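Each chain, letter by letter, is given below.
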Amino acid sequence: MARQSQQLELAERPTSNIVPGKTFRQRSVAAPTEADLKDGQLLLECLYVSFDPAMRGWLDDRRSYIPPVQIGEVMRAATISRVLASRSAKAKAGDIVTAPLGIREVGIMSESQVELGSALAPGAKVTDLMGVFGLTGLTAYFGMTKIGEPKAGDTVVVSAAAGATGSVAAQIAKIAGARVIGTAGSDEKCRWLKEELGLDVALNYKDPDFKEKFKEATPKFIDVFFDNVGGEQLEMALARAATFSRFVMCGAISQYNAGDKRSGPSKNFNNVIGQRIKMQGFIVFDYASEYAAGRTQIGQWLAEGKLKRKETILKGGIAVSEEALDSLFKGRNTGKLMVEVKNPEDAARL
């Protein structure tokens, strides 16, 4: 019997929250084989799927930096995969690669879509390809160093600082000598930020006194705000912005599931003018030509013990993908969230 491949497909566009069993459908299809390959293509089996807040934006039928996922298509996602067969000089069978394979077990990718796992530094783990050495770590690196530009003595605030990108961005600001404040959604995460990552202040945004504590933690105002959340936390940061502060607009996870996409900063937005704030959005792809340099620096910080990383990995394969998405938007993960589709130690199967 031909090998089957499980995959997660978009069934309908959500208007607010993703609804398990309704927004997506899981389906088993005949897996492609080596015979299906054309020149320049690779047959891949998925090992790990990356789960990121940006995935929610890809479900909306609106103009963005990439087209939306279409109804019936396999859900877009970055993966760590293994080459099963190749008709490309770029990689051979057995190689570990990263590729936008989507949430499925087996698929075919063009060589232009595949990046060799050789991006790993000595001592790194294979899952680092989706974490600190992947788009997650590079997003934090370029957002903080190119736009935030923290320096010694600055006050830097990172929202969702216990998340995949926020945790790396906050540490980069500490390396630069800044005083760093992170926000997170639980006391446990706040302890991790202070005790393990060395942040100066960690604030639980669910604390009834969060707003007052946020104000107390920024007596000299905010020089750099690295935003992963948007909404109320962005509003608060605008109110506490220093003159000529830099706002790094990386994400707005609090708004992605909002039924009314018009909600956002309003009351304090004129502070952008009054305080001459530089407020810049970015996509990590903007810095693709500098990925190698970014990974070299991140690798050096890891080797020196200046940078730490954490992962939340769900096991269970494609079947737990909807659970992973739900966990992501409810803040259940600390650090990078991934689903293990297949253990890399298990043998490859054509």
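Residues numbered from 1 in each chain as written. Predicted model: local features only at pLDDT ≥ 70, side-chain atom pairs only at ≥ 80, totals over all residues. Heavy atoms only, no water.

### Here we look at the side chain of serine 5
Alright, step 1. Turning to its location among the elements, serine 5 is positioned in strand E1 (residues 4-10).
Alright, step 2. Serine 5 has contacts with Arg27, Ser28, Val29, Ala31, Arg104, Glu105 and Val106, leaving out every residue within four places of it along the chain. (Helix = DSSP H or I, 4+ residues; strand = E, 2+ residues; numbered from the N terminus. Contact = heavy atoms within 4.5 Å.)

### Points about unusual backbone geometry
Alright, step 1. At alanine 160, a residue that is not glycine, the phi angle is positive and equals roughly 55 degrees.
Alright, step 2. Topologically, alanine 160 is positioned in the loop between strand E8 (155-158) and helix H3 (164-175).
Alright, step 3. According to the relative accessible area criterion, alanine 160 is partly exposed, its value standing at 26%. (Buried < 20%, exposed > 50% of the residue type's maximum accessible area, 1.4 Å probe, protein only.)

### Details of the pattern of salt bridges
Alright, step 1. One pass over the full model with this rule turns up 24 salt bridges.
Alright, step 2. The salt bridge involving arginine 62 is made with aspartate 60; its shortest N-O contact spans 3.8 Å.
Alright, step 3. In this structure, the salt-bridge partner of lysine 125 is glutamate 311, at a minimum N-O distance of 3.4 Å. Of the two residues, lysine 125 sits in the loop between strand E7 (115-116) and helix H2 (135-148) while glutamate 311 sits in strand E14 (residues 311-315), which places them 186 residues apart along the sequence.
Alright, step 4. According to the relative accessible area criterion, glutamate 311 is partly exposed, its value standing at 23%.
Alright, step 5. Via salt bridges that share partners, Arg3, Glu45, Arg82 and Lys342 belong to a single interconnected network. (Salt bridge = Lys/Arg side-chain N within 4 Å of Asp/Glu carboxyl O.)

### Focus on the packing of aromatic side chains
Alright, step 1. The tally for this structure, following the rule as stated, stands at seven aromatic pairs.
Alright, step 2. Seen from their ring centres, phenylalanine 210 and phenylalanine 214 are 5.9 Å apart, and the 65 degrees between their planes marks the pair as edge-to-face. With phenylalanine 210 and phenylalanine 214 both in helix H5 (residues 210-217) and four residues apart, this pair spans about one turn of that helix.
Alright, step 3. Of the residues examined, phenylalanine 214 reaches a relative accessible area of 3% and is grouped as buried. (Phe/Tyr/Trp six-rings, centres within 6.5 Å; stacked < 30°, edge-to-face > 60°.)

### Considering the environment of valine 156
Alright, step 1. Turning to its location among the elements, valine 156 is positioned in strand E8.
Alright, step 2. When the C-alpha positions of valine 156 and lysine 174 are compared, they lie 8.8 Å apart, and in sequence the two are 18 residues distant.

### A closer look at the sheet that holds strand E9 (residues 179-184)
Alright, step 1. Read across the open sheet, the six strands follow the order E10-E9-E8-E11-E12-E13; overall the sheet is parallel. For this open sheet the edge positions go to strand E10 (201-204) and strand E13 (278-281), each flanked by a neighbour on one side alone. Looking at each pair of strands side by side, their axes are set apart by 15 degrees on average, direction ignored.
Alright, step 2. Inspection of the sheet shows E9 paired to E10 by four bridges, in the parallel sense. Paired with alanine 184 across the strands is asparagine 204, a residue of E10.
Alright, step 3. On the sheet, H5 packs against E8, E9, E10 and strand E11 (222-227) and is oriented at approximately 165 degrees with respect to E10. (Pairing = 2+ DSSP bridges. Axes fitted to C-alpha atoms, helices over the stretch in contact; angles between N-to-C directions.)

### Regarding the environment of aspartate 61
Alright, step 1. Among the secondary structure elements, aspartate 61 is positioned in the loop between helix H1 (54-57) and strand E4 (79-86).
Alright, step 2. Residue aspartate 61 is classed as exposed on the basis of its relative accessible area, which comes to 60%.
Alright, step 3. For aspartate 61 and valine 158, which are 97 residues apart along the polypeptide, the C-alpha to C-alpha distance reads 29 Å.
Alright, step 4. With residues up to four places along the chain from it excluded, the contact list for aspartate 61 reads Arg13 and Pro68.

### Some words on H2
Alright, step 1. Counting buried positions along H2 yields eleven of 14 residues, so the element is predominantly enclosed.
Alright, step 2. Those residues of H2 that fall on the buried side of the exposure criterion are Thr136, Gly137, Leu138, Thr139, Ala140, Tyr141, Phe142, Gly143, Met144, Ile147 and Gly148.
Alright, step 3. Phi for glutamate 149, located one or two positions after H2, is positive at around 45 degrees.

### What about the state of the cysteines?
Alright, step 1. A complete count under the given rule lists zero disulfides for this structure.
Alright, step 2. Cysteine cysteine 190 remains unbridged, with the sulfur of cysteine 250 as its closest cysteine sulfur at 19 Å.
Alright, step 3. Relative accessible area serves as the criterion here: at 7%, cysteine 190 is assigned to the buried category.
Alright, step 4. Taking relative accessible area as the criterion, cysteine 250 reaches 22% and is therefore assigned partly exposed. (Disulfide = S-S within 2.5 Å.)

So, to be careful, I would describe these as geometric facts and stop short of saying anything about function.
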